[in-house]
Amino acid sequence: LMGIPGSLGGAVRMNAGAFGYTISDYLQGVMYLDGDTIYYKKKEECDFGYRHSVFCDHKEWLILRIDFSLPQKTENSDQILKDCMEKRLKSQELAYPSAGSVFKRNDLLPAPVSKIIDDMGLKGYRIGGAMISQKHAGFFINLSLISEICTKPSCFTPISTKAPKSITFLTVPVSTIPSFKSFI
């Protein structure tokens, strides 16, 4: 899931995924705020599916904490991460701000939406600062906000070779993170 743009809370809300994995594969539970009350749902209570969770059905719920259970690191873990990142770099525009791939699969269409856009010759089509990616037609990139995202696989070298068995993330409003204030 490395390299997927967005917030951790948003990734849980829509069960973000890539390369055959989703965030719910590693999730144990979610603490959220509904009105003035804090609740906790175990993974099994979150109704995870393709780009869906119970949080999609309750937009008023605010995700506060996410508990994960991480797999043990194996001999080829670093290589798997490197291969996924290289695949992502070849097929996706990571040098520009974007929301990632913006279309869900739709079995009613004859092909994925990105292929239909590509077949229409719209890669690179631009309106103002918004442009359909020239690498992947499912990505709309923001040319007005050029980012400083590192696009070399070496930038994603693990900091530690010791992986914890579980980890908890607290979600915070994006506006409180100084480097993201320019995106709001």
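This text goes with the structure placed above it.
Quick caveat, the model's predicted, so the values are computed rather than measured. (Residues numbered from 1 in each chain as written. Predicted model: local features only at pLDDT ≥ 70, side-chain atom pairs only at ≥ 80, totals over all residues. Heavy atoms only, no water.)

Trainee: Honestly, a nonpolar patch on the surface in this entry has me stumped. Any pointers?
Mentor: On the surface, a nonpolar cluster with roughly 240 Å² of combined accessible area is contributed by Val102, Phe103 and Phe140. Positionally, Phe140 belongs in strand β9 (residues 139-142). (Patch = residues over 30% accessible without salt bridge, like charges linked within 9 Å, V, L, I, M, F, W, Y side chains within 5 Å. Areas by Shrake-Rupley, 256 points an atom, 1.4 Å probe, with all protein chains shown as cover. Salt bridge = Lys/Arg side-chain N within 4 Å of Asp/Glu carboxyl O. Helix = DSSP H or I, 4+ residues; strand = E, 2+ residues; numbered from the N terminus.)

Trainee: Would you mind going over the environment of Ile63 with me for this structure?
Mentor: Tracing the backbone shows Ile63 in strand β5 (residues 62-69). Residues Ile63 and Tyr39 lie 24 residues apart in sequence; the distance between their C-alpha atoms is 9.6 Å.

Trainee: For this particular structure, what's the right way to read the pattern of salt bridges?
Mentor: Pairs can form between side chains of opposite charge once their charged atoms are near each other. Within this structure, the stated rule accounts for 4 salt bridges. Measuring nitrogen to oxygen at the nearest pair gives 2.8 Å for the salt bridge that ties Arg65 to Asp67. Judged by its relative accessible area of 25%, Arg65 falls in the partly exposed class. Across the salt bridge formed by Lys73 and Asp78, the nearest N and O atoms sit 3.1 Å from each other. Its relative accessible area of 36% is what places Asp78 among the partly exposed residues. (Buried < 20%, exposed > 50% of the residue type's maximum accessible area, 1.4 Å probe, protein only.)

Trainee: Help me out: how do you make sense of the packing of aromatic side chains in this one?
Mentor: Given two aromatic rings, their pairing is described by the distance between the two centres and the angle made by the two planes. Applying the stated criterion across every chain, the model contains 5 aromatic pairs. Seen from their ring centres, Tyr32 and Phe55 are 5.5 Å apart, and the 75° between their planes marks the pair as edge-to-face. Residue Tyr32 is located in strand β3 (residues 27-34), and its partner Phe55 is located in the loop between β4 (37-42) and β5; the two are separated by 23 residues in the primary sequence. Each member of the pair Tyr32 and Phe55 is classed as buried. (Phe/Tyr/Trp six-rings, centres within 6.5 Å; stacked < 30°, edge-to-face > 60°.)

Trainee: Whenever I open this one, the environment of Asp67 confuses me. Can you help?
Mentor: Note that Asp67 resides in strand β5. Here Arg65 takes part through its side chain, which lies 2.8 Å from a polar atom of the side chain of Asp67. (Polar contact = N/O pair within 3.5 Å; in protein donor to acceptor, adjacent residues only side chain to side chain.)

Trainee: Would you mind going over the nonpolar core with me for this structure?
Mentor: One recurring pattern in soluble globular proteins: nonpolar side chains tend to sit buried together. Membership of the largest hydrophobic core comes to 14 residues, with the highest contact counts inside it found for Val12, Leu27, Val30, Phe55, Ile63 and Ile66. Those elements giving two or more residues to this core turn out to be α1 (8-13), β3 and β5. Ignoring anything within four residues of it in the chain, the contact list for Phe55 reads Val12, Arg13, Val30, Tyr32, Cys46, Trp61 and Ile63. (Core = buried A, V, L, I, M, F, W, Y, C linked by side-chain atoms within 4.5 Å. Contact = heavy atoms within 4.5 Å.)

Trainee: I would appreciate a short explanation of the sheet that holds strand β6 (residues 98-101) in the present structure.
Mentor: Two pairing modes exist for strands in a sheet, parallel and antiparallel, and in both the strands are linked by backbone hydrogen bonds. Pairing is antiparallel across the open sheet formed by 4 strands, whose spatial order is β6-β9-β8-β7. Each having just a single partner strand, β6 and β7 (126-127) make up the two edges of the open sheet. The sheet contact formed by β7 and strand β8 (residues 130-132) spans 2 bridges and is antiparallel. What sits directly across from Arg126, in β8, is Met131. (Pairing = 2+ DSSP bridges.)

Trainee: Help me understand helix α2 (residues 77-91), please; the structure alone is not making it clear to me.
Mentor: With 15 residues, α2 should reach 21 Å at 1.5 Å per residue; the first-to-last C-alpha distance of 21 Å fits that figure. Within α2, the full set of buried residues consists of Ser77, Met85, Arg88 and Leu89. Viewed along the axis of α2, the buried residues span an arc of 100°, placing them on a single side of the element. The exposed set on the far side of α2, more than 90 degrees from its buried face, consists of Lys87 and Lys90. Where α2 is buried, its residues touch β1 (17-18). (Expected span 1.5 Å × (residues − 1). Arc of directions from axis to C-beta.)

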